[in-house]
Amino acid sequence: MQTDLAIVGAGPAGLSAAIQAAACGLKVVLLDEQPVPGGQIYRNIEALAATRPAQLQWLGPDYIAGLTLLRRFRDCGIEYLPLAQVWQVGEDGRVYYRREGAVGIVHAQKVLIATGAMERPLPVPGWTLPGVMSCGAAQTLLKASGLAPEGRFVLAGCGPLLLLLAAQLIRAGRPPAALLETSYDLWGALPHLPGMLGLPAYLLKGLTLLREIRAAGVTFHRGVTSLKIKGPDRAREIEFESGGRSFKEAVDLVFLHQGVVPNGNLALSTDIRHQWNDLQKCFCPELDAWGRSSSDTVRVAGDAGSIVGAVGAAAMGEVAGLTAAADLGRIQYAELDHRSAAARRVLARHRAARPFLDRLYRPQQQWLAPTDPDTVICRCEEIRAGDVRRLVAAQNCPGPNQLKSFMRCGMGPCQGRLCGLTAVELIAETRGQTPAEIGYYRIRAPIKPITLGDMAALDVPSRHDAINT
Ligand SMILES: Cc1cc2nc3c(=O)[nH]c(=O)nc-3n(C[C@H](O)[C@H](O)[C@H](O)COP(=O)(O)OP(=O)(O)OC[C@H]3O[C@@H](n4cnc5c(N)ncnc54)[C@H](O)[C@@H]3O)c2cc1C
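Note that the coordinates shown come from a computational prediction; the quantities given were computed from them, not determined experimentally.

Calculation notes
- Residues numbered from 1 in each chain as written.
- Predicted model: local features only at pLDDT ≥ 70, side-chain atom pairs only at ≥ 80, totals over all residues.
- Pairing = 2+ DSSP bridges.
- Helix = DSSP H or I, 4+ residues; strand = E, 2+ residues; numbered from the N terminus.
- Axes fitted to C-alpha atoms, helices over the stretch in contact; angles between N-to-C directions.
- Buried ≥ 20, exposed ≤ 12 C-beta atoms within 10 Å, placed from the backbone.
- Near = placed C-beta within 6 Å.
- Nonpolar A, V, L, I, M, F, W, Y, C, P; charged D, E, K, R; others polar.
- Domains from an automatic or database assignment.
- Contact = placed C-beta atoms within 7 Å.

Caption draft 1: Spatial organisation of the sheet that holds strand β15 (residues 253-258). Ordered by their spatial adjacency, five strands build an open sheet running β8-β15-β9-β10-β11, and the pairing between neighbours is parallel. Every interior strand has two partners, whereas the edge strands, β8 (132-134) and β11 (219-221), have only one. Neighbour-to-neighbour, the strand axes of the sheet open up by a mean angle of 20°, direction not taken into account. Two elements, strand β9 (residues 153-158) and strand β10 (residues 178-181), share four bridges in a ladder whose sense is parallel. Its bridge partner being in β10, leucine 155 is matched across the sheet by leucine 179.

Caption draft 2: Expanded view of the pairing of strand β13 (residues 237-242). As paired elements, strand β12 (residues 225-230) and β13 share four bridges and run antiparallel to each other. By the bridge assignment, isoleucine 229 is partnered in β13 with isoleucine 238. The turn joining β12 and β13, which pair antiparallel and follow one another in sequence, is formed by six residues; a positive phi near 150° is taken by glycine 231. Judged from the six bridges that link them, β13 and strand β14 (residues 245-250) form a sheet pairing that is antiparallel. Looking at the pairing, serine 242 lines up with arginine 245 of β14. In textbook terms, the turn of a hairpin is the stretch between consecutive antiparallel strands, and for β13 and β14 this stretch comprises two residues, one of which, glycine 243, has a positive phi near 60°.

Caption draft 3: Structural context of unusual backbone geometry. Between alanine 445 and the following residue, proline 446, the backbone shows a cis peptide bond with an omega angle of 0°. One can find proline 446 in the loop between α19 (435-438) and α20 (452-456). Here asparagine 44, not a glycine, exhibits a phi torsion of approximately 65°, which is positive. Here asparagine 44 is to be found in the loop between β2 (28-31) and α2 (45-51). Even without being glycine, glutamate 100 reaches a positive phi, approximately 50°. Position of glutamate 100 relative to the elements: it lies in the loop between β5 (94-99) and β6 (102-113). Its 9 C-beta neighbours within 10 Å are what place glutamate 100 among the exposed residues.

Caption draft 4: View of the sheet that holds β13. Strands sit in the order β12-β13-β14 across an open sheet of three strands; the sheet is antiparallel. The open sheet terminates on both sides in strands that have one partner only, identified here as β12 and β14. Averaged over neighbouring strand pairs, the angle between their axes works out to 15° when direction is ignored.

Caption draft 5: Region of the structure containing the site of the ligand. Around the ligand, a shell composed of 37 residues is seen, among which Gly11, Gly39, Gly116, Gly136 and Gly302 lie nearest. Mapped onto the shell around the ligand, the elements with two or more residues apiece are α1 (12-23), β4 (84-89), β7 (117-119), α6 (135-145), α7 (160-171) and α12 (309-327). A per-class count over the shell around the ligand returns 17 nonpolar, 14 polar and six charged. Two domains each donate at least three residues to the shell around the ligand, and these are domain 1 (2-118 + 261-357) and domain 2 (121-258).

Caption draft 6: Quick look at the environment of cysteine 378. Tracing the chain through its elements places cysteine 378 in strand β20 (residues 376-378). Through-space distance from the C-alpha of cysteine 378 to that of glycine 39 is 26 Å; in sequence the pair is 339 residues apart. What cysteine 378 contacts, discounting residues up to four positions off in sequence, is Ile383, Cys409, Gly410, Gly412 and Cys419.

Here is the structure:
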């Protein structure tokens, strides 16, 4: 399949890019592994509005706002491939995907990676026990199936999504027994307050969520340390310290969350340059103001570029879609300037607000590099924090790629998505270096599991053919 622009990801960024690029006359193919468009924030919104409209109120006005974007997307007339898992993007513009049991390739002049964000894991003792899930998983069940947790459960961690989920569950009639906040630094965030003042509605939203949580009588512990989940067979008890006191609570379920970071494996598997973002504590692609990367073909928009939130992601997608049209000669650069001006203003406001939020909820070092030696950090290969620290010290292991060879950390089915940043922090701390100096895993395609049969079925010229022609 030939196209001008291939977009990976049907969240606010990918959808907005598709709408703008199509409006400029570009042939666009949009691929997403989910069955319906919307991304993380607007997951399942069309079906929910049609079949369970009362539940829209649980999820709140930011969720409902997505209906307008989805309507515009449905009218924009591009080729949309749901359930298409993209496992490789080539420098030559080939996008390899798996869909309904078959593999396919889109040949694109430009490729926009808009794969969004993922939750940063919170590796604490007991986080791999049955009955422990991420807050994102709880929210996915709520959006996709209208399911809310039963029994006595707590939410633990930090970040706006923790508060949002608590409020959404309260509205669904299932309030958490307690909310345990692990990182919150108002004094550190205050110098960045002027940037946040450009989005007063967001400040108000945060305060409203807190009010909703308090009004529901949910116990709120701030400054939580020494968090442990216990139970021989599944999560039965949670232990922690807060305000100089020790707590033990019986639980049926625990939901963890420690902010979000770019869902970066696809971008990392291309050769585009990345850099360490110290405020967001993760690696991000190096992008210009228009979403262009160090490659002429590959661009990145939305949270996959750096965390900017849903409205910022949509604005960044608009800019990237229009830029692709300008770079392919469908609109003049003067027109790009003009047509993208409003989106660039929105994006600038959202980018200016980020440092306040990033600093307010920046995970403390004890959660980034677990101090308990028995805490599992790589779930796929069951590697513990103490194993990594010991090996780094004993073998002078310089970085995560060597860690892979020495102990298989990051070699499992998730390809380092879950352990990557923790491994980097542990190595950096043990060696007395910065994460920027340590670097990240070298991610290689396929970034999603595919079979050898899938690869063999691909209609690509082999090296042998190329030599003989
Ligand atoms: C679990 C979770 C829940 C969140 N909930 C909220 C919320 O309720 N409210 C809020 O304001 N913010 C929420 N966020 C933050 C939010 O994701 C964003 O700010 C916003 O959705 C970012 O938009 P985006 O277009 O960049 O990416 P996303 O909306 O994340 O969309 C990315 C899309 O890329 C697709 N994708 C990823 N990799 C591949 C691949 N290899 N092949 C094919 N498709 C792929 C995904 O299926 C997804 O649809 C959430 C984040 C997470 C991780």
